[in-house]
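Architecture and fold: a report
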Amino acid sequence: MRKKIVAGNWKMNNNFQEGIDLTNELIENFKPTDLNKQLVVCPPFIHLNAMAELFTENEIRLGGQNCHTSEKGAYTGEVSAEMLKSVGVRYCLVGHSERRAYFFEDDQELFQKIKQLLAKDIQPIFCCGEMLEDRKEGGHFDVIEDQLELLWKLSKTDFQKVIIAYEPVWAIGTGQTATAEQAQEIHKFIRSRIAKKMDEAIADNASILYGGSCKPTNAAELFSKPDVDGGLIGGAALEANDFLGIYNAL
Ligand code: PEP
């Protein structure tokens, strides 16, 4: 069955105490509506261990924001999939547009990260999305098709563990949300690519999230679309009420 997910990406926000306070607020107010609707929080690394302890009795799951392409070794400043696993991480972002733009992550690197995560049984949340210029030129479908290409190298078993997040770059942190129709059009396209490259059943079960200025006020409309299975949330994940309001719209 296709899983519905709302995942929050804190990015480089919240010092340790702020992270604990927000976690406690989430725990106090989170009421899971359905076991098939998952809430995930992806904080900076420094929060993971303490949050894992606070989440032990809770249905909220932990996600990482990044991991290294190698298993271990002399990579100063980096964190491996194995390390994420050891603190209870179940999901991890891969290919967020900020990492592609500021850290020049390319397809080969993203593929290695996905392999590292899958080897540790962590579900990658693979982000894709076009720039404004691409959309203006009508090239958005081609961009998405290209970005998805690396996923077709995975076995069917591995692919089924991957969650895809469609995040148009022009909508991230700008307040300019894609319309529900724009999101649906691309999500449907992504699902059709999965059907072609994997198979219909895998496509039908794949969770495809929307990200880009999703808020409690527009979440219900986005999530009402048949191919939108939840959201990847940036700014609105920093306020417990907003983040849970988006979850409740699932
Ligand atoms: C993101 O960074 O993944 C994101 C969707 O950010 P925002 O919700 O702030 O647009």
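An account of the accompanying structure is given in this report.

1. Section: the packing of helix α1 (residues 16-29) against helix α12 (residues 240-248)
Two measures define how a pair of helices packs: the angle their axes make with one another and the distance between the axes. Relative orientation of the contacting elements α1 and α12 amounts to 40 degrees, with a least axis distance of 10 Å. If you check the angle between α1 and α12, you find them oblique. As for the relative orientation of α1 and α12, their crossing is right-handed in sense. Taken together, the residues of α12 that come into contact with α1 (itself represented by Leu22, Glu25, Leu26 and Asn29) are Ala240, Phe243 and Leu244.

2. Section: the pattern of salt bridges
Counting across every chain of the model gives 15 salt bridges. In this structure, the salt-bridge partner of Glu59 is Arg61, at a minimum N-O distance of 3.5 Å. Under the relative-accessibility criterion, Glu59 is labelled partly exposed at 35%. Overall, Arg61 belongs to the buried group, its relative accessible area being 18%. Ionic pairing is found between Arg99 and Glu105, a salt bridge with its closest N-O pair at 2.6 Å. Put simply, Arg2, Arg191, Asp204, Asp227 and Asp229 are held in one network by salt bridges that share partners.

3. Some thoughts on the environment of Glu105
Mapped onto the elements, Glu105 comes out in the loop between α4 (97-102) and α5 (107-119). C-alpha of Glu105 to C-alpha of Gln65: the two residues are 40 residues apart in sequence and 14 Å apart in space. Apart from the residues lying within four places of it in its own chain, the contact partners of Glu105 are Asn66, Gly95, Arg99, Arg100, Leu110 and Lys113.

4. Overview of the pairing of strand β8 (residues 230-233)
Judged by which residues are buried, β8 turns out to be covered on both faces: Gly230 and Leu232 on one side and Gly231 and Ile233 on the other are all buried. Taken together, the four bridges between strand β1 (residues 4-9) and β8 define a ladder with parallel strand orientation. Paired with Val6 across the strands is Gly231, a residue of β8.

5. Quick word on the site of the ligand
Around the ligand, 14 residues are found, and the nearest of them are Lys11, His96, Glu167, Gly173 and Ser213. Take Lys11: an N or O atom from its side chain is 2.5 Å from an oxygen atom of the ligand. The side chain of His96 places a nitrogen or oxygen atom 2.8 Å from an oxygen atom of the ligand. Split into classes, the residues belonging to the shell around the ligand amount to four nonpolar, eight polar and two charged.

6. Looking at the packing of helix α11 (residues 216-223) against α12
With their axes 8 Å apart at the nearest point, α11 and α12 run at an angle of 20 degrees to one another. On the basis of their axis angle, the class for α11 and α12 is roughly parallel. Note on packing geometry: the crossing formed by α11 with α12 is right-handed. Together, Pro216, Ala219 and Phe223 of α11 and Asp242, Gly245 and Ile246 of α12 make up the contact between the two elements. Among the residues forming the contact of α11 with α12, the class breakdown is four nonpolar, one polar and one charged.

How each quantity is defined
Residues numbered from 1 in each chain as written. Predicted model: local features only at pLDDT ≥ 70, side-chain atom pairs only at ≥ 80, totals over all residues. Heavy atoms only, no water. Axes fitted to C-alpha atoms, helices over the stretch in contact; angles between N-to-C directions. Helix = DSSP H or I, 4+ residues; strand = E, 2+ residues; numbered from the N terminus. Parallel < 35°, antiparallel > 145°, perpendicular 65-115°, else oblique. Left-handed = near helix turned anticlockwise from the far one by under 90°. Contact = heavy atoms within 4.5 Å. Salt bridge = Lys/Arg side-chain N within 4 Å of Asp/Glu carboxyl O. Buried < 20%, exposed > 50% of the residue type's maximum accessible area, 1.4 Å probe, protein only. Pairing = 2+ DSSP bridges. Near = heavy atom within 4 Å. Polar contact = N/O pair within 3.5 Å; in protein donor to acceptor, adjacent residues only side chain to side chain. Nonpolar A, V, L, I, M, F, W, Y, C, P; charged D, E, K, R; others polar.

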